[in-house]
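Breakdown of the fold
Letter by letter, the chains look like this.
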Amino acid sequence: MIRRLPHVDRVGIEERAAMLGKRSIKTTAKQQGIRLAVSMLDLTTLEGADTPGKVRQLCAKAVCPAPTMPEIPSVAAICVYPALAGVARGALQGTGVRTASVATGFPSGQVGLDVKLRETEDAIAAGAEEIDMVISREAFLAGDDARVQEEIVRVKEACGDAHLKVIVETAELGSYDHVRHASMISMEAGADFVKTSTGKAATGATPGVCLVMLEAIRDYAERTGRIVGFKAAGGVSTSKAALHRLVLVKETLGDEWLTADRFRIGASSVLNDLLMQYAKTETGRYGRSEDFSKE
Amino acid sequence: MSVRTSIVWDYAPAPEATDHVRLRDSYGLFVGGEFRDPVDGRREPTINPATEEPLAEVAWAGPKDLEAAIEAARAAQPAWAALPGRERAKYLFRVARLIQERARELAVVESLDGGKPLRESRDVDIPLAAAHFFHYAGWADKLRYGVAGREVEPMGVVGQIVPWNFPLLMAAWKLAPALACGNAAILKPAETTPLTALLLAEICQEAELPAGVVAIVPGDGATGATLVRAPGIDKIAFTGSTGVGRDIQTALAGRDVGLTLELGGKSANIVFEDAALDQAVEGIVNGIFFNQGHVCCAGSRLLIQESVADQVVAKLWRRMGNLRVGDPLDKNTDVGAINSAEQLARIEALVAAGEEEGAVRRTVACDVPERGYWFAPTLFTDVSPAHRIAVEEIFGPVVSVLTFRTQAEAIEKANNSRYGLAAGIWTDKGAKAFEVAAALQAGVVWQNTYNHFDPTAAFGGYKESGFGREGGPAGLRPYLREKGA
């Protein structure tokens, strides 16, 4: 297979993405945007030190982020390592918050396909309803698109009914052309979502990267009619950044993409900033981080 | 999936505050360093084109007023020219800093008086106006290096006539190099947008610029025509329509008066099949809908390679649906009000001609306010090079799409115009970009961008788009003459 890379102009894409960051989101639009962002969160903990206790506490936070502000919705999902997928699923039973698990040798993906498939199956058996896999950057950067695609196809098969998010890990791809190309390969191979990053690399869901992937999703949907979702993960740690991502989605894909089954934000610390900003729109003053529980 | 929200999320109105703006009810003429009542001029209201409400009353200069301005300028110019360059520079730096200090006020007034979106006046017009003063302040003590070591002297008293599309920015383009070179300047702002030039007059006072070095004399075309013919003017710099430019050149024929003209355009924006198409679409939007298309270098003739034409037009049309048309003061507005009733009528007439000649028109459906002058972004396809909308400058948010098959045909079509102000090239191939740029008869050629301005870059036209350059060292030349020449 001869690789034909698409053209993405770095200066142009970053200018457009930055311009959309200047949209003024105030008053009711800000409140609504914050509630929307919360409802699209994949609240994430991916640490070696994660324990069942920590995950259960995070699940409680996911279901009811701010007991003092009942209009704040639950988040979309909890995202954990496979070993803790069962704990999360148990804690979230009947809440409407979904259980997502990373898999396939996350974050580097440097294991064999059989291990990737086995890990996916284990996570699903433990209760994961969504799988966040990583593409093999080792194959992608060596030019072996066929292997990248084949792995996604096989993991998708292993997922069964579970929702598959494919992480392209933009920080390791080196160019926007590559980001677009990897997104297209992932969609062709059956991804339900394409996702920017693991959160473990130097950069994550920068505005430029998000815009490139959103344009790829739009063009793929127009060509094939199939809807693919988008997950911005890594580096979205403030309300301003979250609202910027919403603007990018709204003005690239349209209002119909502003639902949790088509757009997610993968993050951990952003939730409390969203709550603090929301409280500010209500009370007119900034709160303290101590006003909200860490998890 | 079960997770679904049913909210349609839209941006709440985000109007920029206007309570910090200190507009006077009435402005006099700025002559001899002070605001004066007109002697034989009159007072006219200037209106907000988004509401048709008057903003202030402005004095228009009559012939005697112009005489007085020229007299004051002639008296002030020798001392100004005799100042060491570094001293003139200090005044220009001061003006630049004061523009920055009053940036918010200037941006709001520019949008109120001219109808352009605040996002543009705030992020483009005002910062660039300050940047031009900074740039030319730097040249004031280095003039010889700008003209290859020749001995030069200022022209003397220069008359400058600026258009209504970038009122303060064009005033800065004209005044900054003229003053840096040691000239005195008489600036006539456009009749529909005099306010920011008058605020600039206040800034000149605040900067303690010597009286008479700058005069601001609002008025209409008649005022401009009088200024052009007035004795005591050593050079005319004009930015505006080709028709008026022609009149000016005729009036100055056989007289020892310097002249530079920056006139109309029908600039080609060329999209090759190997371009980054999504970014090209952004460039097309920026090329023609920036400032409602009231841009002399607007990319109004869109040339798309036939192999990708349908795709690009589909992307463009979809993108146009996202443009937010409305209140210029709203921080989220992309396309504001048309500058005047007269300009709106001209746009409507040319668009009607386009339909009559058989081009296919698509106009974005959007709610615009009932009062004020508005024209929704419009796209014409099936345009033939002979159609009026492919030939004449519309100066509005209207783009005409033509197709080409090969690079040679693109160049031939792009150059097949009586104008030659600007062009855009969209390709991922570096060699092609340089080849095409060299073959285009256009004063400015942008590659993979459009409507990108910088004080260090020369701007000006080929053919009926005028002559002379503004910006960068080339922008000094028209304001200097060789000693002894």
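Residues numbered from 1 in each chain as written. Chains lettered and ligands numbered in written order. Predicted model: local features only at pLDDT ≥ 70, side-chain atom pairs only at ≥ 80, totals over all residues. Heavy atoms only, no water.

Attention now goes to the interface of chain A and chain B. Opposite the 43 residues of chain A that make contact, chain B presents 31 residues. Across the chain A to chain B interface the summed buried area is about 3300 Å²; carbon plus sulfur atoms make up 50%. Our count for the chain A to chain B interface comes out at eight salt bridges. Between Arg16 of chain A and Glu282 of chain B there is a salt bridge, with its nearest N and O atoms 3.2 Å apart. Linking chain A to chain B there are 17 residue pairs in polar contact (both at pLDDT 80 or more). (Contact = heavy atoms within 4.5 Å. Buried area = accessible area lost by both parts, 1.4 Å probe. Salt bridge = Lys/Arg side-chain N within 4 Å of Asp/Glu carboxyl O. Polar contact = N/O pair within 3.5 Å; in protein donor to acceptor, adjacent residues only side chain to side chain.)

Residues and elements named next belong to chain A. With parallel pairing, eight strands are arranged side by side around a closed barrel as E1-E2-E3-E4-E5-E6-E7-E8. Here the average twist between neighbouring strands, direction ignored, is 25°. The pairing of strand E1 (residues 41-44) with strand E8 (residues 263-267) spans three bridges and is classified as parallel. Paired with Asp42 across the two strands is Gly266, which belongs to E8. Running at roughly 170° to strand E3 (residues 98-102), helix H4 (residues 85-92) makes contact with strand E2 (77-80) and E3 of the sheet. The sheet contacts of helix H9 (residues 207-224) involve strand E6 (193-195) and strand E7 (229-233), and relative to E7 the element is tilted by about 170°. (Pairing = 2+ DSSP bridges. Helix = DSSP H or I, 4+ residues; strand = E, 2+ residues; numbered from the N terminus. Axes fitted to C-alpha atoms, helices over the stretch in contact; angles between N-to-C directions.)

Now for the pattern of salt bridges. Enumeration over the complete set of coordinates arrives at 64 salt bridges over all chains. The partner of Arg102 of chain B in a salt bridge is Glu206 of chain B, with the nearest N and O atoms 3.3 Å apart. Here the residue Arg102 of chain B occupies a position in the loop between helix H2 (85-101) and helix H3 (103-114), and Glu206 of chain B occupies one in helix H7 (residues 195-206), the gap between them amounting to 104 residues. Its relative accessible area of 8% is what places Arg102 of chain B among the buried residues. Sharing partners across several salt bridges, the network here consists of Asp42, Arg98, Glu130, Asp132, Lys165, Lys195, Lys231 and Arg264 of chain A. (Buried < 20%, exposed > 50% of the residue type's maximum accessible area, 1.4 Å probe, protein only.)

Below, the discussion takes up the packing of helix H14 (residues 407-415) of chain B against helix H15 (residues 430-439) of chain B. All names here are of chain B. Orientation of H14 relative to H15, taken along the N-to-C sense of each, is 35°, at an axis distance of 10 Å. Note on packing geometry: the crossing formed by H14 with H15 is right-handed. Along its contact with H14, which presents Gln407, Ile411 and Asn415, the element H15 presents Lys432, Glu435, Val436 and Ala439. In terms of residue class, the contact of H14 with H15 is built from three nonpolar, two polar and two charged. (Left-handed = near helix turned anticlockwise from the far one by under 90°. Nonpolar A, V, L, I, M, F, W, Y, C, P; charged D, E, K, R; others polar.)

On to the pairing of strand E10 (residues 235-239) of chain B. Residues and elements named next belong to chain B. Within E10, five of the five residues are buried, which leaves it mostly tucked inside the rest of the structure. Residues Lys235, Ala237 and Thr239 point to one face of E10 and Ile236 and Phe238 to the other, with burial holding for every one of them. With five bridges connecting them, E10 and strand E11 (residues 258-262) associate as parallel partners. Bridged to Ile236 within E11 is Leu259. You can see the chain leave E10, run along helix H9 (residues 242-252) and come back into E11, and the turn it takes is right-handed. (Right-handed = clockwise from strand over helix to strand, strands pointing away.)

Residues and elements named next belong to chain B. Read across the sheet, seven strands follow the order E14-E15-E16-E13-E12-E18-E19 without closing on themselves; strand pairing throughout is mixed. The open sheet has two edge strands with one neighbour each: strand E14 (360-363) and strand E19 (444-447). Here the average twist between neighbouring strands, direction ignored, is 20°. Two strands pair when backbone bridges link them, and strand E12 (residues 268-271) and strand E18 (residues 422-426) are joined in this way by four bridges, in the parallel orientation. Opposite Val271, over in E18, you have Trp426 as the bridge partner. Along the sheet face, helix H10 (residues 277-289) touches E12, strand E13 (301-305), strand E15 (378-381), strand E16 (398-404) and E18 and points at about 170° away from the line of E12. Those strands touched by helix H11 (residues 306-320) are E12, E13, E14, E15 and E16, and its axis lies near 130° from that of E13.

Moving on: H9 of chain A. All names here are of chain A. With 18 residues, H9 extends 26 Å between its outermost C-alpha atoms, agreeing within 8% with the 26 Å of an ideal straight helix rising 1.5 Å per residue. The buried fraction of H9 is high, at 14 of 18 residues. Just downstream of H9 lies Gly225, where phi reads positive at about 80°. (Expected span 1.5 Å × (residues − 1).)

Looking now at the pairing of E1 of chain A. Residues and elements named next belong to chain A. Because side chains alternate across E1, one face comprises the buried residues Leu41 and Leu43, and the other comprises Asp42 and Thr44, equally buried. Sheet topology places E1 next to E2; three bridges connect them, and they run parallel. Residue Asp42 lies in a different strand from E2, and its bridge partner there is Ala77. Once the chain exits E1 it traverses helix H3 (residues 52-63) before rejoining the sheet at E2, and the crossover so formed is right-handed.

With that settled, consider the domain arrangement of chain B. Residue and element names in this part refer to chain B. Domains assigned within chain B are domain 1 (26-263 + 465-482) and domain 2 (268-454). Just the C-alpha atoms count here: the centres of domain 1 and domain 2 sit 29 Å apart. Each partner contributes to the interface: domain 1 provides 31 residues, whereas domain 2 provides 31 residues. Taking both sides of the interface into account, the surface hidden between domain 1 and domain 2 amounts to around 2700 Å²; carbon and sulfur atoms contribute 55%. On the domain 1 side of the interface with domain 2, the three residues burying the most area are Glu52, Trp164 and Ser465, jointly 20% of the side's total. Summed over the shared surface of domain 1 and domain 2, the result is two salt bridges. (Domains from an automatic or database assignment.)

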